[in-house]
Each structure stands twice: as C-alpha cells, then as structure tokens.
Amino acid sequence: MRVKKTLGLALAAALVLSACSDDGDDNSDGGGGPDTADIRVWINGPDTPQAARDWLKTEFEDANPGSTLTIEEQEWEGLVERLTTALSSDDETPDVVEVGNTQSSTFTTAGAFSDLSDEVGDLGGDDLLQGFVEAGSYDGSTYAVPYYAGSKYVFYRKDLFEKSGLEVPTTLDEFVDAAITLKEDNPDPANFSGFWFPGQDWRNGVSFVWDAGGDLAVEEGDEWQGTLSSPESVAGLETVKTLMDQASGAAKDGNEADAQVPFCNNEIGMMSVPGWMTGLIDNADTGCPDMMKNVGVFPLPGSDGSPAPVLLGGSNIAVSANSPNQDLAKDAVALMLSDEFQTILAENGLTPAKTSLAPLLGEDEFAQATIAAATDARLTPPAAKWASVEGARILEDLFVAIANGGDLAELAAEADEAITDQLN
Amino acid sequence: MALTTRPAKSTRNRTLADRAPAVRKAMLPYGLLLPALIALAFALGYPLIRQVMLSFQEFGLAQQFGRPPEWVGLQNYRDLVSDSYLWVLVLRSVVFCLVNAGLTMVLGVAIALLMRLMSTPVRLVVQAGLLIAWAMPVLASLTVWTWLFDTQYGVVNWILERLGGDFAGHSWLIEPMSFFLIATLLVVWMSIPFVAFTVYAALTQVPQEILEAAEVDGAGPWQRTRLVVLPSIRPVLLVVGLLELVWGLRVFTQIYVLQQAGGVTRETNLLGTYVYRSGIGEGEFGVAATVAMFMLALTVLLTAPYVIKMIRDDREMA
Amino acid sequence: MNSGRRLRTRTRVLANSLGLVVFLICGFPVYWMISTSFQSRNEIRSPEPTWHPFGGGLDNYRRLFEDGEFLDALKISLLVTIATVAIALLFAFLAAVAVSRFRFRGRTSFILLMLVVQMIPAEGLFISQYKMLDGLSLTNSVLGLTTLYVACVLPFTIWTLRGFVSALPVDLEEAAMVDGCTRVGAFFRITFPLLAPGLVATGVFGFIQAWNEFTLALVVMTRDDKKTLPVWLSTFSDANRGTDWGAVMAGSTLISIPVILFFLMVQGRMVSGLTVGAVKG
C-alpha cells in the first residue's frame, strides 16, 4: 500500500513538474521561439553520411542544453507533395528542410521559408556556391542556403582509349572526335556508344548549350524568356545532335537511369554521370567490379580547354517559415554549414557548400575531377516556375526530338515558346 | 420498395404513441444514411467544395503558404477552354477511354463465358491468375511491363529478335500510336479481372431451365448466348460497363509511368496526367481544380445515356 | 447424342486451352516480379534475360528487413485497412438498405451523388484533406487516415451493395415479421446473412484500394513509425541513386501476399456473392 502511494505521489510530482517546465517555455525572446525545443530536420535520401548526422545531433544538443535534434529521413519521391502539405501546417512543419535546387526556387518564391539574409554572411557569404544561393533567393533576400553539391564527370574506358590510340580529351572538339572514333572502332555490339547519350538526357545536353554560350532561359525585366533558339544555344544543340547521331547507341527516347547496366555490358566508351556511379560499378551485386581497373575519369572539357559548365545536382537547406523555433532552427543550419560538418561531407565525396573546402575532397582522380567540374557548375534558371517546365517535361521532349532527327531551329523555337509560356 | 406497414396489432386508442412510431419509421432511412453521409461530408465534403472554389481562384503555391488568393471568376475556365491543347487531350482521352472500356468489356465477358465451359481445375487456375493480376501492387506491375517492353533490354524485343524480326533496340514508346497500344495493353490487363469475376458470377445465376428450354427450341450455342444469356445479365453488364467508362477517363498512373520510360510527353498526355502536371507539377492548384471540374462534366456527359437507363430500370424495379 | 457429346468435349478442350493462355498472360508479369525479387541488380537489367526464377539468393529480402521498418509498416497498413473495410462496409450496408428498402425524398439524388463522386479526379484533393486533418490534429494517426480512406471507398461500396440489397426479395423479411420479428430483427436474421457474399465482394475491393493507396498515406503519415507499406516500399526507389529494383520487387511480392491470402480466404464466398442480386438488379 505504501509503495503504491509513494509511486502515485512520485508520478503526480513528475506530472506537475513537467507541466511547470512547459509553462517555462513561454518566456519570449523577441519571437525567435522558445529556448528549448525538439528540432526536426528533414534530410533526403541516404546521401548525408551517418558521421555527419551524428556530429550534428551531438553538437546541437551540447550547444543547446534541454533541446533535442531529430533527423527524419525523407525520400525524394513524393517530397514535393510532403513539403507542400507539411510546411504549411503550424503543428506538423519540420524546422529545417533539405530541398533539391530546383525545388529551392519554387518554395522560396512561394514564401515557405524564413529569411536568412542576415545570417548568410556568417554562414559563408561569398564562399558559398553562388549558383545555389541564387536558387534560394528571391527579391534580394536569401531564404535557402547551399547544403552540398553533387558531382558529375566523364567516366571512360581506358582500354578502349588505348585500343583506338586516344588521349584524354582537353577540349570539347577533341571530346566529340574521341566519341565518334570510339563508336567507329567498336562496331560490336550494334548499340555501342562512344558517348552514351539517351534521348531524354537534357541534364547532360545542357552542358553543351552552356559551353557554346547559350542558356535555357534568361530573365528580361520581369519576365523569363526561353533562349534555346539563340544562335549560341543552337550551336550547342548542334553538338548534341552530332553526338547523338554519330556517337551514341543509347535509346533515342530512353532516360539516363541505370547507366551502369550498359557500361558493364561493354556498350559504353564514355559516359557523363554523377560521381556515385563509381559505387555502383564497384559493387558485385549492382555492377562489375572487374571492370574498375579499366575505368578512368576526367571532367567534361569545354571549348576553351577549361572544364565545361555542368549541371550539378545538390541541395539547399532552409528554415520553415511556419516553424515556432526560428532561433534554434537557425542554429542547426549554422551547424550544418560549419567547416567541421562540411568537411565530413567532403570526405564522403559530396562537394561542400563552401568552395574553399573543395580541396578536402581528396587527391585521387575522382576527387580532382569533382573539384574541376565544380569550378564551373551551374544550375537551372532560378525562375519561380522552373519546376513546372520540368513537370511538363519540355526539355525531355526537345532532346528526344533532336535524337530522332528534326529541324534544330524549329524544335528549339517550339521549346522556347513552351518554356516562356510556363515561366510567366 | 414502399414502406411496409407493421403487422396489424389490436386497435388501440393511443394516437400519440401511434404517431411516434410512424415518425420514427419515416426518419429511419435518414438515420440509416447518416453515418455514411457524415463520413462522406467530413472527408470529402470540405475538400470537394474547396476544389470548386479553387477553380474560381488564382491559387498557386504562394497562396498555399499564406499569400491571399485572387478571385478570378470564370477566367480559369475561359483560359482552359480556349487552349487548343486541351481539346486535343479531350479527344485523345475519350477515344482511349472508349477503346479500353470496350476491349475490357468484350474480353472480360468472353473470358467469363469461357470459364463456364472449362473443366473445374482449369477454371480455378484461371481464377487464380486473374486474382493475382488484380492483387499485384501497381508500381510493381507497371515496372515489370516497362521492363518487358524496354528498348534495349526488354524481353519482348529479345523474343521477337529470336523469332527473326528486326526488333533490336526497337522503341515501343516513341511513336504515340505504339505508346497508346502499350498503354491499352496495360490498362486492359489491369481491368479485366474485375469484369471477368463479376460477369462470371452473374452467369452462374442464369437458371439452367431457361437455357435448356432454348436448346430444345432449337437455338444453337451462339444464339443461346446472345439471345438468352447476355440479356439476362444485362443489369450487371450495365453497372460494370459504366464503372469502366468512369475509370477509363481518369487513367493516370499507367500513362505517367510510361512517359518516364520513354516517348514524347506532349504527344502522349491524357487528361489524367494533365490534371496532375497542372496541379502538383506546377503548384497551380486553381488551374488543376478547373481541369478536374471539366473532367467531371465530361464524364457526366459521356455516361449520361447509361445513367438514365439505370435510373429508369431502378424506378421500374421499385 | 454422341456427336453432341463430342462437340461438348471439343468445346471444353478449346475453352481449357484458351483458359491456359489467359492464365499465362495474366500470370507472366507476376512471375517476373517474383523471379526478379530473387535476382541481383545486375541480373535484373541486362541484355540477356534471366529466366530461372529461383536461381538467385535471398539477398533482396534480407535488405528489406535491414532497417526493421517492415513490421511496423505492416502493422499500420493492417490496422488502417481492416478498420477502413469494417467501417465502410457497416456504413455502406446501412445506407444501401436505406436506399433500396425505403422510399424517401432525396433517394435518387443520393444514388446519383454516389456515382458522381466517383467521377471526380482525386489527384488534387489531398491538400485540402491534409489541411482538414491538420486542423483537427489528426495527422500521423490511424484514425485520420482511416477516415479519409473510408470516404474514398464508400461511394463504390454503397453503389454496389445497393444492387445486392434490392435484389433480395422483401417477402423473406415479411415472412419473418409475420412470425413475430421486428423489422430490424428481420434484417439481421434473414437479410444480413444472405448478403454476406456481397459484403465480401465489396470488402475485397475496398481492401485493395486501401492497402495500395500511396499519396494520402505519404502526406498524412510523415513520421517514420507511422508509415504504411506502400510508403515504406517507396524508400527503395531513390530517384538520385537509381532504384534498388531487387528490393522493390521483393517488397512488392511481400506486399501482395496479404492481399492474395485475403482473396483466397474469401474467394468462394465472393463468387456466389456477386451473383445474388446482380442479375436482378
């Protein structure tokens, strides 16, 4: 009886105490949120290494006693739906979210994120990847800051190069020639690609447009205009067409997924893919580890000998505007952009958000290619409605049409019209 | 079905009490409807009403996050209707729907008729096959089908090559007609089980005596089927056919997944993918709502003759 | 008579062969799914198709269970689906009875409404539905998701059950009432058991709808421990790193099993059930 009573009192006391401490949260500090809270951070996919996640949690909880940080891993699939609903809910909103750079523009312009302009200087200022900062900015203010960038470079077959007497190309012209030579020298299998270029692969195609001086779309005053039919862009598209016609054996309406499959089947001489493809090839279940000894990499060369502009994947992070814990969320963001955290990312092959940390990626061929590619990394136009251009698959359709033969100027003009339509 | 009166009790003079049960009786159907109505009103009522309202607003992602929406009256509808691309989609979707519904019904009924003629073990095997096809998660079945028809590594191309055709690297999706052929194959494959099961069940109810009487009268097997069996299951055919039409116009997942795999998106869009792309793809929820309303109107128009027939049958029954 | 019997045998043979063709066409993709679930990723997508079904190992299945979330997701899916089916059947049964056994104002409108609601594309509704649940703090709850699912399934269920109920002759109930039952008693003692097959048929349809639904589950259940199976399965398709096809197929196979089991259990009932009333109307 006495034991039960004691327990009962203890329980009651605990309840009272917890109730009291809840009330303590009310002390306002100018609307930045309570002093202690449970911060929820949404990270997407498996890219962020476990070491980084652990570091973040430990550091945050040490610096903010009484608060906790929970990382909730999200999937890229369905992310937009989840963000659209969760970010607009006062109760359910996460405090910090990771978004792909295309989605950064969309949600930034929609007002889903808090203004981080005051913090940008401390977070890295000019050292941050500028393209990513642009993607997360609107009307002069920054709402989403870079988190990390992907890497993309050309994987090539060293043995096939040797057989054809080719050297690593240093200019775009050499690259195109090498691709065509490889295809001619390897008639078997029939779908061999000197440069693997599936029809839907606009993400690689855009590099050639940029290299020639053109662009996908440009802001003129208040409006965005599609610029694929400018002479420079068309010149870039000509290169695309040449490669697709003469150097690629990939499906003319195929997508760029699972490149390791044709690679491991000896159907590819060169391909431009994200850095994590190494992991896929080097794995007995998914690829062909035996072929790794024949694999080399180099950054896609531009016309002038320096690396060509490539479309980098990558993410930004932002604080949800509806989160009640603004100050703590900003602390978390600061930790994620700290040198220590970014170093862990770099050591795991992710291009850090601060360009000064790029050398931390390493010394080997792969790291060098990553660093080189990152020097001229670009993103899709930071237009508010760019996501709808991707949603309507205008670029996929354009490149598939190019792969299937068609008048370049006409196709480009049509695409421009569609893009301009969508963006305004 | 009229209210049946209660069994006669001895006459009493408690008029008030007599009236109360009668009122209770009149309220009974509404009472029975209440749970369903509440559930529907709660979970569908508000969203549907909001959907209608959205179609009259300019409501994008920014509005989702707090910016006030603008009421634009019929502007969304006007923009929609004046876009010639929409009418292309309407034509495509209606034709696709009719072809699919037609094929599904014909094949489904044929399979159901066949099932009557099979020996029992074979019939059970076929039923098992239909069940499994119906139960398979859509993502899995769509993925498998896109693999089978994959341009580079598909089994279909592989087999056709072995059989002597020139199908290496043949893309099944690049030509819109071919794309829709594959799409039809997928949609019909997924829809037949429901039709086959329902119609077969109806067929087992056709009284044996009528069939035998017709046989005695000299009707051949095909005539028996056409003139006796099918008419007697007409109500089922109507119900199932109507559902196939309604669902056929809303087809989305199959087209969407196929578009990722290949083909030209603009040439292969149907109304279903258009709603999705205008909605989530663009974050333009007002426009998406307008398209949804339009699709509703279209579906009502398409199925009006069916529905009228059903209401008439229903009135006769009662 | 002999020629008649021969004709019938020939017909039977023909029907049987066609039946097997149907089985092959229906079953082939399923076979492919199961076969793929045992293959390694580089066997799945390769120029030479791998025909043997069980040559591979159980690696894919092992990977599925690595993060330990499968069982939780299974639990949530079962809870939500069974609750949805049970509630929807109950509500729909009551509504179907009301609509086919009584005459009242608004009857035809209600039937039409049930049909029209099924015509509206549902893709855009999830945002409003989420907002609603959020306002009531019902996100991440089995109750919240079940409510939405019940509403999804009700129109079709009511529409179909109506046909079954109206086909059952009223005389049966009236006979029971003459024997002293109240109307309600007559329902539950006579009509309800005869309807069991019909309830089973619509229950199966509802089961599949709820079990495989993705978008609502995705946005309503965001916490890791509240995922449903379809959302769990999507964690293996990573748009960025390429999809783990072996795991996806293995997961799909696992997800199909409860549905197929449910089917097999009720299959006998379903066949006779869909007939009662369907013929008459």
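Everything quoted here is computed from the prediction, not taken from an experiment.

Caption draft 1: Structural context of the overall build of chain C. Check the secondary structure of chain C and you find 12 helices and 0 strands. For chain C, the N- to C-terminal ordering of α and β elements is α-α-α-α-α-α-α-α-α-α-α-α. Buried positions account for 58% of the 281 residues belonging to chain C. Pairs at least 24 residues apart make up 73% of the contacts formed inside chain C by residues separated by at least 6 positions. For chain C, the accessible surface area stands at approximately 11,400 Å², while carbon and sulfur atoms represent 67% of it.

Caption draft 2: The arrangement of the state of the cysteines in detail. All names here are of chain A. Under the definition given, this model contains 1 disulfide over all chains. Here Cys 264 pairs with Cys 288 through a disulfide, and the sulfurs are 2.0 Å apart. With the S-S bond torsion at -80°, the cross-link from Cys 264 to Cys 288 turns out left-handed. Of the two residues, Cys 264 sits in helix α11 (residues 260–264) while Cys 288 sits in the loop between α12 (277–281) and β12 (295–298), which places them 24 residues apart along the sequence.

Caption draft 3: A negative patch on the surface, seen in detail. The grouping of Asp 407, Glu 410, Glu 414, Glu 417 and Asp 421 of chain A at the surface amounts to a negative patch. As for its placement among the helices and strands, Glu 414 of chain A is situated in helix α18 (residues 408–423).

Caption draft 4: Highlighting the packing of aromatic side chains. Inspection of every chain in the model, using the stated rule, returns 44 aromatic pairs over all chains. Each ring, one from Phe 194 of chain B and one from Trp 247 of chain B, has its centre 5.6 Å from the other, and the planes form 55°; the classification is tilted. In this pair, Phe 194 of chain B is assigned in helix α8 (residues 176–203) and Trp 247 of chain B in helix α11 (residues 234–249), connecting sequence segments 53 residues apart. Take Phe 194 of chain B: its relative accessible area is 11%, and that puts it in the buried class. By way of ring pairs, the aromatic residues Tyr 156, Phe 161, Phe 175, Phe 195, Phe 197, Phe 208 and Phe 298 of chain A are connected into one cluster. For Arg 162 of chain B, the ring lying beneath its charged end belongs to Trp 158 of chain B, and the centroid distance is 4.3 Å. Sitting over the ring of Tyr 85 of chain B, Arg 266 of chain B keeps its end group 3.9 Å from the ring centre.

Caption draft 5: Spatial organisation of the nonpolar core. In terms of nonpolar packing, the biggest core is built from 181 residues, with Phe 113 of chain A together with Leu 130 of chain B touching the most fellow members. Top contributing element to this core by residue count: α8 of chain B, with 18 residues. Those residues in contact with Leu 130 of chain B that sit more than four places away from it in its chain are Ile 111, Met 115, Ile 192, Pro 193, Ala 196 and Phe 197 of chain B together with Cys 26 of chain C.

Caption draft 6: Broad picture of the interface of chain C and chain A. Tallying the contact residues gives 29 residues for chain C and 30 residues for chain A. Interface of chain C and chain A: buried area, both sides summed, is about 2,700 Å²; carbon and sulfur atoms make up 47% of it. Applying the counting criterion to the chain C and chain A interface returns 1 salt bridge. There are 6 residue pairs in polar contact (both at pLDDT 80 or more) connecting chain C and chain A. Taken together, the residues that form the side of chain C that touches chain A break down as 9 nonpolar, 12 polar and 8 charged.

Caption draft 7: View of the sheet that holds strand β8 (residues 193–195) of chain A. Residues and elements named next belong to chain A. The strand order across the open sheet built from 4 strands is β8-β11-β7-β12, with neighbouring strands paired in mixed fashion. Two strands bound the open sheet, and with one partner strand each, they are β8 and β12. Sheet twist, expressed as the average angle between the axes of neighbouring strands with direction ignored, equals 35°.

Caption draft 8: Focus on the sheet that holds strand β15 (residues 351–352) of chain A. Residue and element names in this part refer to chain A. Strand order in the open sheet formed by 6 strands is β2-β1-β3-β14-β6-β15, with mixed pairing between adjacent strands. The open sheet is flanked by β2 (68–74) and β15, the only strands paired with a single partner. Across 7 bridges, the pairing between strand β1 (residues 38–44) and β2 is parallel. The residue of β2 that forms the bridge with Trp 42 is Glu 72. Across the sheet, helix α3 (residues 79–86) is in contact with β1, β2 and β3 (96–100); its angle to β1 comes to roughly 155°.

Caption draft 9: A look at the domain arrangement of chain C. Residues and elements named next belong to chain C. Assigned domains within chain C: domain 1 (2–37) and domain 2 (60–276). Listed as interface residues are 4 residues of domain 1 and, on the opposing side, 8 residues of domain 2. Three residues, Met 33, Thr 36 and Ser 37, lead the burial of domain 1 against domain 2; their summed loss comes to 92% of the area buried on that side. For the interface between domain 1 and domain 2, the tally reads 2 residue pairs in polar contact (both at pLDDT 80 or more). When the residues that make up the side of domain 1 that touches domain 2 are grouped by side-chain class, the tally is 2 nonpolar, 2 polar and no charged.

The rules behind each value
Residues numbered from 1 in each chain as written. Chains lettered and ligands numbered in written order. Predicted model: local features only at pLDDT ≥ 70, side-chain atom pairs only at ≥ 80, totals over all residues. Heavy atoms only, no water. Helix = DSSP H or I, 4+ residues; strand = E, 2+ residues; numbered from the N terminus. Buried < 20%, exposed > 50% of the residue type's maximum accessible area, 1.4 Å probe, protein only. Contact = heavy atoms within 4.5 Å. Areas by Shrake-Rupley, 256 points an atom, 1.4 Å probe, with all protein chains shown as cover. Disulfide = S-S within 2.5 Å. Patch = residues over 30% accessible without salt bridge, like charges linked within 9 Å, V, L, I, M, F, W, Y side chains within 5 Å. Salt bridge = Lys/Arg side-chain N within 4 Å of Asp/Glu carboxyl O. Lys, Arg positive; Asp, Glu negative; His and termini not counted. Charge placed at Lys NZ, Arg CZ, Asp CG, Glu CD. Phe/Tyr/Trp six-rings, centres within 6.5 Å; stacked < 30°, edge-to-face > 60°. Lys NZ or Arg CZ within 6 Å of the ring centre and 35° of its normal. Core = buried A, V, L, I, M, F, W, Y, C linked by side-chain atoms within 4.5 Å. Buried area = accessible area lost by both parts, 1.4 Å probe. Polar contact = N/O pair within 3.5 Å; in protein donor to acceptor, adjacent residues only side chain to side chain. Nonpolar A, V, L, I, M, F, W, Y, C, P; charged D, E, K, R; others polar. Pairing = 2+ DSSP bridges. Axes fitted to C-alpha atoms, helices over the stretch in contact; angles between N-to-C directions. Domains from an automatic or database assignment.

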